[in-house]
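Descriptive analysis of the structure
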Amino acid sequence: MKNFIYILGIATLLFIGCDSKKEETPSEKPNIVFIMSDDHAYQAISAYDNSLIETPNIDRIAKMGMLFTNASVTNSICAPSRAVILTGKHSHINGKVDNHFPFDTTNVTFPQILQKAGYQTAMFGKLHFGNNPKGFDQFKILPGQGDYYNPDFITKNEGEINVKGYVTDIITDMTLNWLKTERKQEDPFLLMYLHKAPHRAWLMAERHMKEFTNRTFPEPSTLFDNYEGRPAAAEAEMSILKHLSWTSDNKIYPETIDAMNAPELVIDEGRFENSVGRMDTKQLANFKAQYDKINADFKNNYPALNDEDKMRWRYQRYIQDYLGTIKSVDENVGRVLDYLEENNLMENTIIVYTSDQGFYLGEHGWFDKRFVYDESFKTPLLVSWPDKIKPGTTSDEMVQNLDFAQTFLDVAGVEQPSDMQGESLVPILTGKMENWDREAVYYHYYEYPAEHMVNRHYAIITKEYKLIHYYFDLDYWELIDRKKDPKELTNVYDDPAYADIQDKLHKELEAVRKKYGDSDELNNKYIDTFMGDVGDNGIFGVNKKKLNQIIEKRKSDKK
Ligand code: SGN
Ligand code: CA
């Protein structure tokens, strides 16, 4: 009997020992693979919509897991979105409200927390912070926006390096190399795999040029939006017809324009040189093999084009190049997914595919982002996590990039700092909806007066409505009925039929601003900081004269 108790005791101890060891073994913790592309519109992912392009590899993530149809960002622009993702805090709290000032590295980010908790951490690709990421064992990042061809990288261990080739392939090679040769098998990892594509100026890989420059794509129904009732939209400078660059965006060579008698075609030599000009002889020969014909046709046909024709032509040129860059993103995502699958890494790994914001693919006549209108406010989000997420599910919950930090900490079983402002998405992923009750989200865009001239605005968004306040030199409200007007063409603010809902939304907006700690005082603080940094030439391509007009108008409106 004594022996039995003794053996039982040892067995129990062993069991407890094993069990507690099991809980503490870091390798039991899920790996996190965070894949993000820059400016990838959900309209260009076939899991959402296959009218423009097939993306079979990105779609694999949704097939294995969950597709979010109502995921959004809190501030639709690059570096601010990335700051929200890393800190789990709104822009007005983490301080990175626009692309201009560097990220404040005294912020605590989720990779720093995961690293302390025993995760191996690595980042490859575009960050766009103006400084290096903290909390990473390894990083190779593009300086600023980065280049498509033969790009430079800032690296943790080798200083600045130049790599020959195409950026999407290179970022993937670096990622795979880290997985294969640097990753310690025994520890869980956080891998941030961040594409530059499909950011402007949309230079695709040589192998896709022939296919994509020869295809004709469907036009969006709002390509010829007239912006009635939406003055901020009317003032924005992101029209495919008027604001794309003929040279760097549409790839009409400076010499083609030189040989035409068309002074209205502005030659943007600098930007063309910075993109196409980086190609080596072979790359350039492949580029010219496809784009020479486009140039020759353009030169012949341009004189006969009216504005409507020009819009149509420019849209095709834009969307061909944009989608061409997506093709290589999809292929390369496939390479990473294959590696994970072949090395038994899929099972215990959560994979997220998203973008730093959405993008206009001709909707409202636009390229770029920044507005709270759907195509830039919403962002793609596909998540796989075998055994936790039921394969092939869809969620229409209003989740945001604000939620990623807490989601990853939750997945890793690490405490979430109480000052983070999102919510873990684990209840949605695992189908425990009783733990999720969000009905509205908050949005705030700041970067103005700047490139593309999208006015500052904040908004509350529910599944049914958007109430938007443009508050800088323009000062007015918009109310969008999302169900009746999904293309967002009609401002129903002050329409008596919406009086009650308008009233209710105003109260909810006030409450949500209070909840997240945003205020008019903060708006003014960020305006003052921004305007205080205007140099002699202006800021973000907006010259001093135009800025002064805006400032004067603001002063006189205030009187
Ligand atoms: C560049 C682009 C803009 C773009 C911003 C911000 N112009 O300045 O069109 O809106 O980046 O993009 S470019 O001709 O120089 O490419 S973001 O994704 O980094 O926020
Ligand atoms: Ca971006």
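Residues numbered from 1 in each chain as written. Chains lettered and ligands numbered in written order. Predicted model: local features only at pLDDT ≥ 70, side-chain atom pairs only at ≥ 80, totals over all residues. Heavy atoms only, no water.

**Quick look at the coordination of the calcium ion (ligand 2)**
Listed as protein donors to the calcium ion (ligand 2) are Asp38 (OD), Asp39 (OD), Asp356 (OD), Asp356 (OD) and Gln357 (OE1); their distances from the metal cover 2.1 to 2.9 Å. Taken together, the 6 donor atoms surrounding the calcium ion (ligand 2) define angles of 49 to 174° at the centre, an arrangement classified as irregular. (Donors = N, O, S within 2.8 Å, 3.2 Å for Na, K, Ca; no water. Tetrahedral: all angles 85-135°; square planar, octahedral: opposite > 155°, others 65-115°.)

**Overview of the packing of helix H11 (residues 281-301) against helix H12 (residues 307-342)**
Two packed helices can be described by the angle between their axes and the distance between those axes. One can describe the packing of H11 onto H12 by two numbers: an axis separation of 13 Å at closest approach and a directional angle of 175°. With respect to H12, the axis of H11 lies roughly antiparallel. Facing Tyr291, Ile294 and Phe298 of H11, the residues of H12 in contact are Trp313, Arg317 and Asp321. In terms of residue class, the contact of H11 with H12 is built from 4 nonpolar, no polar and 2 charged. (Axes fitted to C-alpha atoms, helices over the stretch in contact; angles between N-to-C directions. Helix = DSSP H or I, 4+ residues; strand = E, 2+ residues; numbered from the N terminus. Parallel < 35°, antiparallel > 145°, perpendicular 65-115°, else oblique. Contact = heavy atoms within 4.5 Å. Nonpolar A, V, L, I, M, F, W, Y, C, P; charged D, E, K, R; others polar.)

**Focus on the domain arrangement of the protein chain**
With domains assigned, the protein chain is organised as domain 1 (30-434) and domain 2 (444-558). Domain 1 and domain 2 are separated by 25 Å when their C-alpha centres are compared. Taken together, the contact between domain 1 and domain 2 spans 44 residues of the former and 38 residues of the latter. Of the roughly 3,500 Å² buried at the junction of domain 1 and domain 2 (both faces included), carbon and sulfur atoms supply 55%. (Domains from an automatic or database assignment. Buried area = accessible area lost by both parts, 1.4 Å probe.)

**Brief notes about the site of ligand 1**
Around ligand 1 there are 17 residues in total, and Arg271, Asp368, Arg370, Glu451 and His452 lie nearest to it. Cys78 is positioned with one of its backbone polar atoms (N or O) 3.0 Å from an oxygen atom of ligand 1. Protein burial of ligand 1: of its 460 Å² of free accessible surface, 86% is covered by the chains. Looking at side-chain class alone, the shell around ligand 1 contains 2 nonpolar, 6 polar and 9 charged residues. (Near = heavy atom within 4 Å. Polar contact = N/O pair within 3.5 Å; in protein donor to acceptor, adjacent residues only side chain to side chain. Areas by Shrake-Rupley, 256 points an atom, 1.4 Å probe, with all protein chains shown as cover.)

**Things to note about the packing of helix H7 (residues 206-213) against H11**
Taken N-terminus to C-terminus, the directions of H7 and H11 make an angle of 5°; their axes are 9 Å apart at the nearest point. Considering their axes alone, H7 and H11 lie roughly parallel with respect to each other. In this structure, H7 uses Glu206, Met209, Lys210 and Thr213 to contact H11, whose residues at the interface are Lys282, Gln283, Asn286, Phe287, Gln290, Tyr291 and Ile294. Residues belonging to the contact of H7 with H11 are distributed by class as follows: 4 nonpolar, 4 polar and 3 charged.

**Re unusual backbone geometry**
Across the junction of Arg200 and Ala201, the peptide omega takes the value 15°, indicating a cis bond. As for its placement among the helices and strands, Ala201 is situated in the loop between strand E7 (189-194) and H7. The phi angle at His364 is positive, at roughly 60°, despite the residue not being glycine. By secondary structure assignment, the location of His364 is in the loop between strand E8 (349-355) and helix H13 (374-377). In this structure His364 comes out as buried when scored by relative accessible area, which is 0%. (Buried < 20%, exposed > 50% of the residue type's maximum accessible area, 1.4 Å probe, protein only.)

**Notes on the side chain of Thr55**
Within the element layout of this structure, Thr55 appears in the loop between strand E1 (31-37) and helix H2 (56-64). Look at Thr55 and you get buried, because its relative accessible area is 0%. Once residues within four sequence positions are removed from consideration, Thr55 is found in contact with Ala44, Ile45, Ser46, Ala47, Ile326 and Asp330.

**Considering the sheet that holds strand E6 (residues 159-162)**
Strand order in the open sheet made by the 10 strands is E6-E5-E4-E3-E7-E1-E8-E9-E2-E10, with mixed pairing throughout. The open sheet terminates on both sides in strands that have one partner only, identified here as E6 and strand E10 (393-395). Averaged over all adjacent pairs, the angle separating strand axes in this sheet is 15°, with direction ignored. Both strand E2 (residues 66-68) and strand E9 (residues 381-384) contribute to a ladder of 3 bridges, which runs antiparallel. Residue pairing for E9: Phe68 is matched across the bridge by Leu381. In the packing of H2 onto the sheet, the strands contacted are E1, E2, E8 and E9, and the crossing angle to E9 comes to about 60°. Strand contacts of H12: E1, E7 and E8, with the helix running at about 175° to E8, the strand carrying the most contacts. (Pairing = 2+ DSSP bridges.)

**Focus: the environment of Asp225**
Relative to the assigned elements, Asp225 resides in the loop between H7 and helix H8 (231-235). For Asp225, a relative accessible area of 12% puts it in the buried group. Remark: the alpha-carbon pair of Asp225 and Ile113, spanning 112 residues in sequence, is separated by 46 Å. Residues contacting Asp225, with those up to four places away along its chain left out, are Arg230, His364 and Leu489. Here the side chain of Asp225 touches Tyr227 through a polar contact of 2.9 Å, landing on its backbone nitrogen. Within the structure, the side chain of Asp225 is placed 2.7 Å from the side chain of His364, a separation counted as a polar contact.

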